[in-house]
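Architecture at a glance
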Amino acid sequence: MADKKIPPPGCTWAQRPKHIILTVCLTDVKDPTIKVEKNKMLFKGVGGTEMKEHEVEMEFFKELDPEKSKFVVRPREVSFVLEKMEEGPYWDRLLSTKLKQPWLRIDFKNWKDEDDEEEGGEGQGQDLEEMMRQMGGLGGAGGAGAAGGAGAADMGDLQKKAYQRPSLDDLDIEDDEEDDMPDLE
């Protein structure tokens, strides 16, 4: 066998002024090798539906703080919160190369535009706080997170009511309308 190239796993990313949210979309990862350095990261692991080996090395656009960066291996993915060395404007791109990588996409569920940052941080920010808590960062819930949590519970009740299946009793069908139907032969 000639030296086969190991395929990269699918990855998604989003950013905030202080950090990069990176997800390696590979299920059931076994014994991953993960190295986070100032300007690059290596991920190597066996996973996916066919339990094949995947590997990706990313050279970042700017520097990260490997000491503050965290990751967690989950059943469906490997999640990273990579701390930027300098807080500030959003990076133009994730990787140092300008070439489009087919395995790398934007994570729209975590994406927040740079100018949206001032808008109270509700919604997706809470997911990030929860993820950080699970990774060992961020201790207890802050004041804003606790207040938002109660609102989210109320929304859950509203959503359950909104998606209940309607009953046929709710339809206004008169008895005499039903009699107009011909008998089946």
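For the structure given in this document, a descriptive report is provided here.

What counts and what doesn't
Residues numbered from 1 in each chain as written. Predicted model: local features only at pLDDT ≥ 70, side-chain atom pairs only at ≥ 80, totals over all residues. Heavy atoms only, no water. Helix = DSSP H or I, 4+ residues; strand = E, 2+ residues; numbered from the N terminus. Buried < 20%, exposed > 50% of the residue type's maximum accessible area, 1.4 Å probe, protein only. Contact = heavy atoms within 4.5 Å. Areas by Shrake-Rupley, 256 points an atom, 1.4 Å probe, with all protein chains shown as cover. Salt bridge = Lys/Arg side-chain N within 4 Å of Asp/Glu carboxyl O. Pairing = 2+ DSSP bridges. Axes fitted to C-alpha atoms, helices over the stretch in contact; angles between N-to-C directions.

1. Examining the overall build of the chain
- Within the chain, the secondary structure is distributed over three helices and eight strands.
- Counting from the amino terminus, the chain carries its helices and strands in the arrangement β-β-β-β-β-β-β-β-α-α-α.
- When burial is assessed residue by residue, the chain has 30% of its 185 residues classed as buried.
- The long-range share in the chain, meaning contacts at least 24 apart out of those at least 6 apart in sequence, stands at 57%.
- About 13,100 Å² of surface is accessible on the chain, with carbon and sulfur atoms providing 49% of the total.

2. Looking at the pattern of salt bridges
- Overall, the coordinates contain three salt bridges when judged by the stated rule.
- Glutamate 57 serves as the salt-bridge partner of lysine 40, at 3.3 Å between the closest nitrogen and oxygen. You can see lysine 40 sitting in strand 4 (residues 40–47) and its partner glutamate 57 sitting in strand 5 (residues 52–59), a full 17 residues away along the chain.

3. Concerning the sheet that holds strand 2 (residues 19–25)
- Taken together, the five strands give an open sheet; going across it, the order is 6-7-2-1-8, and neighbouring strands pair in mixed fashion. A single partner strand is all that each edge strand has here, and the edge strands are strand 6 (70–73) and strand 8 (104–106). Shown here is a sheet whose adjacent strand axes are inclined to one another by a mean of 20°, direction ignored.
- Across six bridges, strand 1 (residues 10–15) lies against strand 2 in antiparallel orientation. For threonine 12, the partnering residue across the bridge sits in strand 2 and is threonine 23.

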